[in-house]
Amino acid sequence: MTSSPNTILLAGCGHMGSALLHGWLKSKLPLRLYVLDRHYQPPAGAPVTVWRTLADIPEDFRPDMVVLAVKPKGADAFLEALHERLGRGLSHATLLSVAAGRSCANLAKASGGMAVVRAMPNTPAAIGAGTTGLYSAPDVPPARAALAAQLMKAVGAVVEVPHENDLAAVTAISGSGPAYVFLLAELLEKAGQHLGLNAETAKLLARNTVYGAGEMLHEDPLSAEQLRRNVTSPGGTTEAALKVFMAPDAWPATVERATEAAAHRADELSQ
Ligand SMILES: NC(=O)c1ccc[n+]([C@@H]2O[C@H](COP(=O)([O-])OP(=O)(O)OC[C@H]3O[C@@H](n4cnc5c(N)ncnc54)[C@H](OP(=O)(O)O)[C@@H]3O)[C@@H](O)[C@H]2O)c1
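Residues numbered from 1 in each chain as written. Predicted model: local features only at pLDDT ≥ 70, side-chain atom pairs only at ≥ 80, totals over all residues. Heavy atoms only, no water.

Caption draft 1: Expanded view of the packing of helix 5 (residues 166–175) against helix 6 (residues 177–194). Two numbers describe how helix 5 lies on helix 6: the axes approach to 5 Å, and their chain directions differ by 30 degrees. Looking at the two axes, helix 5 sits roughly parallel to helix 6. Contact residues: helix 5 offers Ala172, Ile173, Ser174 and Gly175, while helix 6 offers Gly177, Pro178 and Tyr180. Of the residues contributing to the contact of helix 5 with helix 6, the split by class is four nonpolar, three polar and no charged. (Axes fitted to C-alpha atoms, helices over the stretch in contact; angles between N-to-C directions. Helix = DSSP H or I, 4+ residues; strand = E, 2+ residues; numbered from the N terminus. Parallel < 35°, antiparallel > 145°, perpendicular 65-115°, else oblique. Contact = heavy atoms within 4.5 Å. Nonpolar A, V, L, I, M, F, W, Y, C, P; charged D, E, K, R; others polar.)

Caption draft 2: Region of the structure containing the packing of helix 6 against helix 7 (residues 199–219). Helix 7 packs onto helix 6 with a crossing angle of 145 degrees between their chain directions and a minimal axis gap of 8 Å. In this structure, the crossing between helix 6 and helix 7 has a hand that is right-handed. Mapping the contact onto sequence places Val181, Ala185, Leu188, Glu189, Gly192 and Gln193 in helix 6 and Ala199, Ala202, Lys203, Ala206 and Val210 in helix 7. By residue class, the composition of the contact of helix 6 with helix 7 is seven nonpolar, two polar and two charged. (Left-handed = near helix turned anticlockwise from the far one by under 90°.)

Caption draft 3: Quick peek at the site of the ligand. Taken together, 20 residues sit near the ligand, with Met16, Asp37, Arg38, His39 and Val70 positioned nearest. A distance of 2.8 Å is found between an oxygen atom of the ligand and a side-chain nitrogen or oxygen belonging to Asp37. Considered on its own, the ligand offers 890 Å² of accessible surface; in the complex 77% of this is hidden by protein. Among the detected pockets, the ligand sits in the second largest pocket. Of all the secondary-structure elements, those providing two or more residues to the shell around the ligand are helix 1 (15–26) and helix 2 (72–86). Of the residues assigned to the shell around the ligand, the class counts are eleven nonpolar, five polar and four charged. (Near = heavy atom within 4 Å. Polar contact = N/O pair within 3.5 Å; in protein donor to acceptor, adjacent residues only side chain to side chain. Areas by Shrake-Rupley, 256 points an atom, 1.4 Å probe, with all protein chains shown as cover. 1 Å grid on protein atoms, 1.4 Å probe; cavity = no way out; pocket = protein on both sides within 12 Å on 5 of 7 lines; lining within 4 Å. Sits in = over half its atoms within 2 Å of the grid points.)

Quick look at the structure:
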């Protein structure tokens, strides 16, 4: 049995919105797709309608779900303007927000009372390897919560969290997490050059090592700790490096402080 298509308005199609849209276009989900974005250029022939401004949206447009993927700073003002434009057209729509730190309460208020699902994805969604934390407010109809989960599963793994507060931690670990891994790649590349390798070789070694280690974490059932131990010969080179990284005031303290800073910022953004 095929279900009838849901009408999705993707509001904001930049880094994150376009990653989501790419996944939906590849998926077999029955969707009618509409995008509101000043810049986005769809692939030729893609079954998606693009509007540039709110004024381009027909006043009788009736979306089932609005996916909010504009910057958190502009999110409330955007929703107020959308509500002004569509009014009762939003009364049966659910809001799926990926905006960091904008709470269900903020978003419901700005949108004129929409039921809100919050998602915190990450940019590997662009290659179908995303990780999303998902929280549905209690007033979200179960079928819409399920649709939100399907939309996010189209771009990777989804973890549903029981408390809205958990999303600050999700943001600190997986939402921002790719940036920490990219930083490691940058630093390894620089370190390779410092040790005398040419730039091209240092770049290849750094990027492919992060890629290969990531694939092992994905494919191999061993724990991250065991995979690390398997690289570490007693008295060898890795042990020499890990003594520096794993000193209590080095990575263990730094990772804790950095993720606390990210979670704290997510809390601040929700005020
Ligand atoms: N990037 C990440 O790693 C990541 C991860 C998880 C969650 N998020 C969340 O995803 C959201 C979007 O982030 P992003 O990095 O994708 O931002 P982005 O690249 O700036 O994308 C937002 C897009 O929306 C457009 N836009 C905003 N208001 C508009 C309006 N009224 N009419 C038409 N177009 C409009 C922007 O155009 P202009 O640039 O012209 O305003 C831009 O193209 C944020 O809330 C962020 O917290 C991001």
